[in-house]
Amino acid sequence: EPELVKYLVQEIRSAESCASLPSTLILVVSYWLLTVSHSRSEEVNAVEDSLSYDIVANAHFAYTSPDIGHKNIEDVNSYVDFWSWLTVGLVPLLISYDHELSEGLNNSELEAKVRDNSPGVWMQYNRIPLGIRMAQERYEGEATCWLQDLYGKNCVGGIDYDLEPELPGSLSTTNPQRVTWLYLSEANDILPKLYTLEQENWLDEHTQKIEIAIPVYSGEFGRHTLVYVNFFFSRGGYIWKGVTPTSAAETWMVSWANYFFDIVWVLSLLFIVKTEVLDLRSAVKLHGLRGLK
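Residues numbered from 1 in each chain as written. Predicted model: local features only at pLDDT ≥ 70, side-chain atom pairs only at ≥ 80, totals over all residues. Heavy atoms only, no water.

Caption draft 1: Region of interest: the packing of helix α2 (residues 41–58) against helix α3 (residues 79–94). Contact geometry for α2 and α3: axes closest at 10 Å, N-to-C directions at 140°. When the axis of α2 is compared with that of α3, the two are oblique. Of the two elements, α2 crosses α3, and the hand of that crossing is right-handed. Contacts from D54, I55 and N58 of α2 reach α3 at W85, L90 and L93. Considering only residue class, the contact of α2 with α3 consists of 4 nonpolar, 1 polar and 1 charged. (Axes fitted to C-alpha atoms, helices over the stretch in contact; angles between N-to-C directions. Helix = DSSP H or I, 4+ residues; strand = E, 2+ residues; numbered from the N terminus. Parallel < 35°, antiparallel > 145°, perpendicular 65-115°, else oblique. Left-handed = near helix turned anticlockwise from the far one by under 90°. Contact = heavy atoms within 4.5 Å. Nonpolar A, V, L, I, M, F, W, Y, C, P; charged D, E, K, R; others polar.)

In structure tokens, the structure reads:
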């Protein structure tokens, strides 16, 4: 008889497990559809990949002619390289000062070329709404060298970025200092401002990290993107570089499907919670607190 009871209990549990399988599948599938419909990953990739690629591939410096620049962000290996890349490569790429013309087309033929070239329009479909924010991490603490006299200069300390930084921790800037805004409303003053910062040693040996944040709005997809361009200064002399875009949708609900999948997922979750609570109550009634084991 005990064997029969054990067998029946096992069969009942198996039947209950099978009965709960449809609700579990609905929960999993609805959550997957919910995530896909809200995240819209194809739009995220379209925007983020385009913006990051443009910075890496098209922000050139070391020009030998008006159309040929031989270096990009990966070639920034000194303070001079950084300022050259910023003033010759990045800023002209994001904030156009002149109408862009194809090779061989002169200014007298400008009216034949129709293009929105207002400052802040980036890659035709994106707009920088305010400007570009620059900030840096600095180490101002005391540092000593064992062979100070032989070294012949002061040590600065700050060895946080001797190894290549990893995401997502490298995105956050600790205690940002020397914050500078390059406003689009002052587009004609941006380059003179950067030249002044270079002459005033805005970037010096105490700098550990430079963060350039570029807010972007993509109207085609209704997506806000913040592009981080980071430079990490190793005390060994190397400069790590990284371009990391992060984005968020303008609105989560763009169609009836978003509401439908959300409702189905919530109802499935509530159904499972209700079932589990009823099972717990039945177990407690039959066996007391021992039924919770």
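This is not the end of the story, as more comes after the structure.
Caption draft 2: Local environment of the packing of α3 against helix α5 (residues 190–199). At a closest axis distance of 10 Å, the pairing of α3 and α5 adopts a crossing angle of 170°. Comparing their axes, α5 and α3 come out roughly antiparallel. The segment α3 lies against α5, with W83, L86, T87 and V91 engaging I190, L191, L194, Y195, L197 and E198.

Caption draft 3: Structural view of the packing of aromatic side chains. Within this structure, the stated rule accounts for 11 aromatic pairs. Ring geometry for Y79 against F233: centres 6.0 Å apart, planes inclined by 65°, an arrangement best described as edge-to-face. Pair noted here: Y79 is in helix α3 and F233 is in strand β8 (residues 223–233), with a separation of 154 residues, a long-range link. Judged by relative accessible area, which is 31%, Y79 ranks as partly exposed. An angle of 10° between the planes, with centres 5.6 Å apart, marks the rings of W181 and Y183 as stacked. Judged by relative accessible area, which is 29%, Y183 ranks as partly exposed. Members of the aromatic cluster, connected to one another through ring pairs, are F82, W83, W85, W202 and F231. (Phe/Tyr/Trp six-rings, centres within 6.5 Å; stacked < 30°, edge-to-face > 60°. Buried < 20%, exposed > 50% of the residue type's maximum accessible area, 1.4 Å probe, protein only.)

Caption draft 4: Spatial organisation of the pattern of salt bridges. In total, this model carries 5 salt bridges according to the counting rule given. Note that R133 and E211 form a salt bridge whose closest N and O atoms lie 3.2 Å from each other. Highlighted residues: R133 in strand β5 (residues 131–138) and E211 in strand β7 (residues 207–218), separated in sequence by 78 residues. Using a relative accessible area of 21% as the deciding quantity, one classes R133 as partly exposed. (Salt bridge = Lys/Arg side-chain N within 4 Å of Asp/Glu carboxyl O.)

Caption draft 5: Quick look at α5. Of all the positions in α5, only I190, L191, L194 and L197 are classed as buried. The arc that holds the buried residues of α5, viewed along the axis, is 115°, so those residues lie on one side. Those residues of α5 that are buried are in contact with α3, β5 and β6 (177–183). Taken from the residues just after α5, N201 is the one with a positive phi, measuring 60°. (Arc of directions from axis to C-beta.)

Caption draft 6: Quick peek at the confidence of the model for the protein chain. A residue-level look at the protein chain finds 82% of positions with pLDDT of 70 or above and a mean pLDDT of 83. Predicted confidence for residues 111–115 stays below pLDDT 50, and this span has 5 contacts to residues more than four positions away or in other chains. (pLDDT = per-residue confidence, 0-100.)

Caption draft 7: Region of interest: the side chain of R223. Tracing the backbone shows R223 in strand β8. In this structure R223 is buried but unpaired, with E43 as the nearest side chain of opposite charge at 4.1 Å. A distance of 3.5 Å separates a polar atom in the side chain of R223 from the backbone oxygen of S39. Sequence-distant contacts of R223, that is, excluding residues within four places in its chain, are made with S39, R40, E43, V44, V216, Y217, S218, S247, A248, A249 and E250. (Lys, Arg positive; Asp, Glu negative; His and termini not counted. Polar contact = N/O pair within 3.5 Å; in protein donor to acceptor, adjacent residues only side chain to side chain.)

Caption draft 8: Spotlight on unusual backbone geometry. Residue A62 is not a glycine yet carries a positive backbone phi of 60°. In this structure, A62 sits in strand β1 (residues 61–65). Judged by relative accessible area, which is 33%, A62 ranks as partly exposed. Of note, R178 is a non-glycine position whose phi angle comes to about 50°, a positive value.

Caption draft 9: Broad picture of the nonpolar core. Membership of the largest hydrophobic core comes to 38 residues, with the highest contact counts inside it found for F82, W85, L86, L194, I212, I214 and F231. When contributions to this core are tallied by element, the ones reaching two or more residues are α2, α3, β5, α5, β7 and β8. Here this core takes 8 residues from α3, the largest share from any one element. Every residue in contact with W85, bar those within four places of it in the chain, is listed here: I55, A59, F61, N72, I73, V76, L90, I212, V229 and F231. (Core = buried A, V, L, I, M, F, W, Y, C linked by side-chain atoms within 4.5 Å.)

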